[in-house]
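# Residue-level structure breakdown
The residues making up each chain are set out below.
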Amino acid sequence: MQRHLTAINRDRLSAPFQKLAKYGYLNGDYSILDYGCGLGDDATELEAHGLNINAWDPVHRPNATKTPCDIVNLGFVLNVIEDQPERQDTLKAAYQYTNKLLLVSVMLANEAKQEHFKPYKDGVITSRNTFQKYYSQAQIRCYIEQVLKVKTTPFGQGIIAVFKSAQLEEAHHLELQFQNYNWQHITQRPTPKVINKAEQKSLFEKHQDLLADFWQYCLHIGRMPANDEFEQSPAIRQIFSSHNKAFQFLQGYYDQAEFVQAKTKRYDDLLVYFALSLFGKRKAKSHMPAKLTRDIKIHFESYNHALEEAKSLLFSISEPANIGNACYQAYENIKLGELHDNHSYILPTRFLNQLPAILRVYIGSAAQLYGDIDDIDLVKIHMRSGKVTFLKYDDFSKKLPLLVERVKVKLLEQNIDYFFYGDDYPNQPLYNKIDYLKKGSGEYKSQQRFDKKLAAMLKGVEKSEWPNWPILQKVFEYWSVELKNNRFIKLKK
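All of these numbers come straight from a predicted model, not from anything done at the bench.

Turning our eyes to something else, we now look at unusual backbone geometry. Residue K335 is not a glycine yet carries a positive backbone phi of 60°. Looking at where K335 falls in the secondary structure, it is placed in the loop between helix 14 (320-334) and strand 10 (338-340). Among the residues examined, K335 registers a relative accessible area of 54% and is labelled exposed.

Right, let's talk about the nonpolar core for a bit. Counting 51 residues, the largest nonpolar core has F274, L355, L359, I381, F390 and V409 as the members making the most contacts within it. Ranked by residues supplied to this core, first place goes to helix 15 (residues 357-370) with ten residues. In contact with L355, other than residues within four places in its own chain, are A330, I334, L347, R360, I363 and I381. Grouped together as the second largest cluster of nonpolar side chains are 26 residues, L78, V104, Y135 and I144 included.

Turning next to the sheet that holds strand 5 (residues 118-120). Spatially, the three strands line up as an open sheet ordered 5-6-7, and their pairing is antiparallel. Since the sheet does not close on itself, it has two edges, and those belong to strand 5 and strand 7 (131-132), each with one partner. Pairing of strand 5 with strand 6 (residues 123-125) involves three bridges; the strand directions are antiparallel. Of the residues in strand 6, the one forming a bridge with K118 is I125.

Right, let's talk about the confidence of the model for the protein for a bit. Overall, the prediction assigns the protein a mean pLDDT of 89, with 91% of residues at 70 or greater. The weakest mean pLDDT in the protein belongs to helix 4 (residues 111-114) at 56; the strongest belongs to strand 12 (residues 378-382) at 98.

This next bit is on helix 9 (residues 233-240). For helix 9, the complete set of buried residues consists of S233, I236 and F240. Around the axis of helix 9, the buried residues are gathered within 60° of arc, so they sit on the same side. Across from the buried face of helix 9, at angles greater than 90 degrees, the exposed residues are P234 and Q238. Positive phi appears at S241, one or two residues downstream of helix 9, with a value of about 75°.

To continue, consider the packing of helix 14 against helix 15. Their axes nearest at 9 Å, the elements helix 14 and helix 15 cross at an angle of 115°. Judged on the interaxial angle alone, helix 15 and helix 14 are roughly perpendicular. Remark: the crossing between helix 14 and helix 15 carries left-handed chirality. Side by side, helix 14 and helix 15 meet where N322, I323, A326, C327 and A330 of the first sit next to I358, L359 and Y362 of the second.

Here we take up the side chain of N353. Along the chain, N353 turns up in the loop between strand 11 (344-348) and helix 15. Taking relative accessible area as the criterion, N353 reaches 18% and is therefore assigned buried. Reaching out from N353, the side chain makes a polar contact with the side chain of R360 at a distance of 3.3 Å.

The next point concerns the pattern of salt bridges. Summed over the entire model, instances satisfying the criterion amount to 19 salt bridges. Note that K19 is salt-bridged to D372, the shortest N-O span being 2.5 Å. Residue K19 is located in helix 1 (residues 15-22), and its partner D372 is located in the loop between helix 15 and strand 12; the two are separated by 353 residues in the primary sequence. On the basis of relative accessible area, K19 is assigned to the buried category, the value being 17%.

Procedures and definitions
Residues numbered from 1 in each chain as written. Predicted model: local features only at pLDDT ≥ 70, side-chain atom pairs only at ≥ 80, totals over all residues. Heavy atoms only, no water. Helix = DSSP H or I, 4+ residues; strand = E, 2+ residues; numbered from the N terminus. Buried < 20%, exposed > 50% of the residue type's maximum accessible area, 1.4 Å probe, protein only. Core = buried A, V, L, I, M, F, W, Y, C linked by side-chain atoms within 4.5 Å. Contact = heavy atoms within 4.5 Å. Pairing = 2+ DSSP bridges. pLDDT = per-residue confidence, 0-100. Arc of directions from axis to C-beta. Axes fitted to C-alpha atoms, helices over the stretch in contact; angles between N-to-C directions. Parallel < 35°, antiparallel > 145°, perpendicular 65-115°, else oblique. Left-handed = near helix turned anticlockwise from the far one by under 90°. Polar contact = N/O pair within 3.5 Å; in protein donor to acceptor, adjacent residues only side chain to side chain. Salt bridge = Lys/Arg side-chain N within 4 Å of Asp/Glu carboxyl O.

Below is the structure:
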């Protein structure tokens, strides 16, 4: 087998290193070993940024030093090893060099794709005479867990994390619940009340930016921050001597209803976090970050009380009526998406943090099986079947996005079905994108004009029967138009 031919040149970080960057692991705090680095493009890029990275490859860098590191990346290595004992030994060796986090990445493919290649051992031979062992997401997780006797966490499709550090694992899951939330998405920057006391007013005006940042952070975490949580704490304490005095000072300047709302939001965030910890069978008590311990003291009677509340929330997702009621509530609050009565609710993933806690747990459980959903555009919540479907489009900013991948996660079976469009199925245009836009916005009005022109070309055809992308091209040909940059261009005859 010509294994060395599988190494490719890159002009950007590989997918696993992009995930590490996204989650903050390339901030310079961690040493890294790229185990099986290929041509070493990732290492070259990270070295240029001053990171502590070591890179070894049996063909391209055989003399490099392999040394234990905080993070070990085993990227697209296992799938090119045709010898099964060697494949296991490679995985075990990479794990032995890991201090905190091992990231394993492989190629995924369905059976239809593999049928195009010549079978060999437990994989296939490609056109370049290289071996490839393709996996499903469930297969690679199961393989790693069986070989290493560990639990795994999906970072993305075919990108699987193994945490050796329980503290780092818990910090990762905690950050997932809170990192995408910005209080200003719900309320604008707080406007101070009018204060008559000249001395207080002068103090507020002198330090208005600092106090606004402090209040904003209080809203973000739903409580007063500890000294080591707020970056500008020394400045606050120099003026007010303590966070508590600063917080009390601001009671007369900002709307306290906002803070009550923030506490409720944080409480829900914590419930979702603990419910998903229970779903993932993680035990957080012995290695909770300090921030989480403080949250529990403010929002719950005890750690056990938090777990009981979370357990009740997790069990509630098994009742279809609960999911259905929450979908109707979410649709009423968000006021966009596609609600199919008593069946499903489809909405853009950017609104997930605004959903009721039960739906966040329902979708979060599916994401724990699937992996990172940042590149997913729409999520379909099935009300009765215990399923969640993730929908990925070629470019959701287009007026007529094309469905490229549909992923159905079956929570009861803890299994995933993948449907690829463009190869296995013809691309399906999203004809009702307007349902996912805020009414009255400029984008909504522009989409209306586009949809009107498209509907005129398909006049007489029931919308439920509107064609897939290849057939739609013939419709455009009939009308002598071309869809280019979201506009219909008249073709010259």
